[in-house]
Amino acid sequence: MIIDIIGDVHGYADKLTGLLGQLGYVHNGHYFVPPDGHRALFIGDLIDRGSQQVATLEIAFAMLDAGVADIVMGNHEYNALAFATRDSNNPERYLRSHNDVHTRQHEAFLAEVPFGSESHQYWLQRFYEIPLWIETDYACFVHACWDVDSMALLKPLLTADNCLTAQALQTTSEEFTEPFDALERVLKGVETPLPDGIVMVDKEGTKRSRVRVRWWLDELKSRTLYEIARAPASALAQIPIDALAENIDFAIKTHKPVFVGHYWLTGKPEPLSSQVVCTDYSAAVDSGYLTCYQLDTTQPLPLSPANFVQYLND
C-alpha cells in the first residue's frame, strides 16, 4: 500500500485537485478514486487562508466518507471549533476569542461558511470526526508534533479514535493547564521561552516571547537556542549565538517514521531527519507548493527525498 500524505491545503482546492490528478487520482462524479494500492492521508489545516474553503472540505470529506482517505486534525480545524464554542465557565466568551487577529485568521472560512449558519454547524460537526493523531503499524501521523507524553495526557479526554468531544474541547482550551499545553504541543509544536527582552513578530503580526523549536533534532537539551529555533532569519538574528534553550523536555519516543505538516517549509522537499517528514511547503502562498510524500507501507524506512511529489501550480 502507498499512503499519499498530503500537506496543509488551506482552502486551495484547485491546487488539491491538481495534485490529486498528478498522483493519478480520478474523480468518478462523487469523489477522487485513488490508483490501485494507494490511499490518501490529509495532515490537517484544510481550512483558512484560501478562497476555496468549502470545495476543499468537500473533496477531502468525500474521500473520507468513501473510505479512500484519512484526515488528522490541524490547529486551524481545532481553532474553528474553539472560535465557535462558548466557554461553559463564562458563556459570554468563546473558547477562542474573537479578537482582530483570530478573526482575521478565520475570515476566509467564515466568508464562505457564515458564522452560526446551517453550513457552519455542519462543518463543525464534521471537524469533530477528525482524530488528533493516527498511529499504524508502519508510521505515525500528526499535524505538528509526535509527543507521546502529551498524547497520553490527552487520551482519557478523547474518543476511542482519538477525536475531540465537546468536553475535551472545553478542557483543552483552558490556558495554563496540562491539557492545554498537551494540545498545543500536538497541534502547534514544541516551544521554549526567548531570552529576556527579545520579542519576535510572527507572520500574523503577533508579538511572541516564545519560539517554536525543531523538535526532530537529536539531543535538544545540549544545543543552543539559535541551533534549534524554528523562526525566520530576521528573528534568529536577534538570538544570541550562545543562548541555551530552556525547559526543553522532549524526545521522539517511537522507532516508526513520523509525518507532520504545519511548518511552512520552502525549497526543495526533503526529510527533516532520518525519522521525520513534513509535507507543508507553504501551499497558501504564491511561491509555495502543495506537497505529498508517498509512503510505501511495506518499506517505510529509510525516508527518501525521491518520495516527495509537488504540484507545481501549472
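Report follows, based on the coordinates. (Residues numbered from 1 in each chain as written. Predicted model: local features only at pLDDT ≥ 70, side-chain atom pairs only at ≥ 80, totals over all residues. Heavy atoms only, no water.)

1. Some thoughts on the packing of helix α2 (residues 53-66) against helix α4 (residues 100-112)
- Two elements in contact, α2 and α4, have axes whose closest approach is 8 Å; the angle formed by their N-to-C orientations is 80 degrees. One element, α2, and the other, α4, form an angle in the roughly perpendicular class. Contacts between α2 and α4 involve Q53, V54 and L57 from the first element and A108, F109 and E112 from the second.
- Residue composition of the contact of α2 with α4, by class: four nonpolar, one polar and one charged. (Axes fitted to C-alpha atoms, helices over the stretch in contact; angles between N-to-C directions. Helix = DSSP H or I, 4+ residues; strand = E, 2+ residues; numbered from the N terminus. Parallel < 35°, antiparallel > 145°, perpendicular 65-115°, else oblique. Contact = heavy atoms within 4.5 Å. Nonpolar A, V, L, I, M, F, W, Y, C, P; charged D, E, K, R; others polar.)

2. A look at the sheet that holds strand β17 (residues 308-311)
- The five strands are arranged β5-β4-β1-β16-β17 in an open sheet whose pairing can be described as mixed. Each edge of the sheet is formed by a strand with only one pairing partner; in this case those strands are β5 (69-71) and β17. With strand direction ignored, the average angle separating the axes of adjacent strands in the sheet is 25 degrees.
- One ladder, built from three bridges, connects strand β4 (residues 38-42) with β5; its direction is parallel. When the bridges of β5 are listed, L41 appears paired with D70.
- Together, β1 (2-6), β4, β16 (290-296) and β17 form the strand contacts of helix α1 (residues 13-22), whose direction differs from that of β17 by roughly 135 degrees. (Pairing = 2+ DSSP bridges.)

3. Topic: the state of the cysteines
- What the rule picks out here adds up to zero disulfides.
- No disulfide involves C163; its sulfur sits 17 Å from that of C140, the nearest cysteine.
- Looking at C163, the relative accessible area reads 7%, which means it is buried.
- Distance from the sulfur of C292, which forms no disulfide, to the nearest cysteine sulfur (C278) is 13 Å. (Disulfide = S-S within 2.5 Å. Buried < 20%, exposed > 50% of the residue type's maximum accessible area, 1.4 Å probe, protein only.)

4. Remarks on the sheet that holds strand β14 (residues 258-260)
- The strand order across the open sheet formed by four strands is β8-β9-β14-β15, and the pairing between neighbours is mixed. Either end of the sheet is taken by a strand with one partner, and the two such strands are β8 (133-135) and β15 (276-278). Pairs of neighbouring strands in the sheet enclose a mean axial angle of 15 degrees, with direction left out of account.
- Across three bridges, β8 lies against strand β9 (residues 140-142) in antiparallel orientation. Considered in β9, the bridge of I134 is made with F141.

5. With respect to the environment of I248
- With respect to the helices and strands, I248 occurs in the loop between α10 (233-236) and β14.
- Remark: the alpha-carbon pair of I248 and C145, spanning 103 residues in sequence, is separated by 14 Å.
- Residue contacts for I248: discarding those within four places in its chain leaves V190, E191, T192, V213, L220, K221 and I228.

6. What to know about the side chain of H10
- Of note, H10 is situated in the loop between β1 and α1.
- Those residues in contact with H10 that lie beyond four places of it in its chain are D45, L46, I47, D48, R49, G50, Q53, H76, W264 and A284.

7. Digging into the pairing of β4
- Along β4, four of the five residues are buried, which leaves the element largely enclosed by surrounding structure.
- Running through α2, the crossover from β4 to the neighbouring parallel element β5 is right-handed. (Right-handed = clockwise from strand over helix to strand, strands pointing away.)

8. Some details on the pattern of salt bridges
- Taken as a whole and judged by the stated rule, the model has nine salt bridges.
- Of the charged contacts in the structure, one is a salt bridge between E184 and K188, with a shortest N-O distance of 3.1 Å. Here E184 pairs with K188, and both are found in helix α8 (residues 178-188), just four residues apart, close to one helical turn. (Salt bridge = Lys/Arg side-chain N within 4 Å of Asp/Glu carboxyl O.)

9. What to know about the nonpolar core
- Core analysis: the biggest nonpolar cluster contains 101 residues, and I6, F42, M63, F127, F141, L164 and W215 have the highest contact counts within it.
- Once you skip the residues sitting within four places of it in the chain, I6 turns out to touch L16, L19, L20, A40, L41, F42, I43, T279, L290, T291 and C292. (Core = buried A, V, L, I, M, F, W, Y, C linked by side-chain atoms within 4.5 Å.)

10. Some remarks on the packing of aromatic side chains
- The final tally for this structure, using the stated rule, is 13 aromatic pairs.
- Arranged with centres 6.1 Å apart and planes meeting at 80 degrees, the rings of F83 and F115 form a pair that is edge-to-face. One end of the pair, F83, is in helix α3 (residues 75-84); the other, F115, is in the loop between α4 and α5 (118-127), and 32 residues separate them in sequence.
- Overall, F83 belongs to the buried group, its relative accessible area being 4%.
- Ring centres of Y281 and F308 lie 6.2 Å apart, and the angle between their planes is 75 degrees; this geometry places the pair in the edge-to-face category. Note that Y281 is positioned in the loop between β15 and β16 and F308 in strand β17, a separation of 27 residues in sequence.
- An aromatic cluster is defined as three or more aromatic residues linked by ring pairs; in this entry it consists of Y138, F141, F259, Y281, Y293 and F308.
- Of note, K15 hangs over the ring of Y12, and the distance from its end group to the ring centre comes to 5.0 Å. (Phe/Tyr/Trp six-rings, centres within 6.5 Å; stacked < 30°, edge-to-face > 60°. Lys NZ or Arg CZ within 6 Å of the ring centre and 35° of its normal.)

11. Some points on α4
- The terminal C-alpha atoms of α4 lie 19 Å apart, and with 13 residues this matches the ideal 18 Å at 1.5 Å per residue to within 8%.
- Where α4 bends most, the angle comes to about 55 degrees, and this point is H106.
- Within α4, the full set of buried residues consists of H102, Q105, H106, A108, F109 and L110.
- In the core, the buried residues of α4 are packed alongside α2, α3 and α5.
- Two or three places before V101, at the opening of α4, N99 has a side-chain oxygen 3.2 Å from that residue's backbone nitrogen. (Expected span 1.5 Å × (residues − 1). Bend = angle between axes of the 7 residues up to and from the residue. Polar contact = N/O pair within 3.5 Å; in protein donor to acceptor, adjacent residues only side chain to side chain.)

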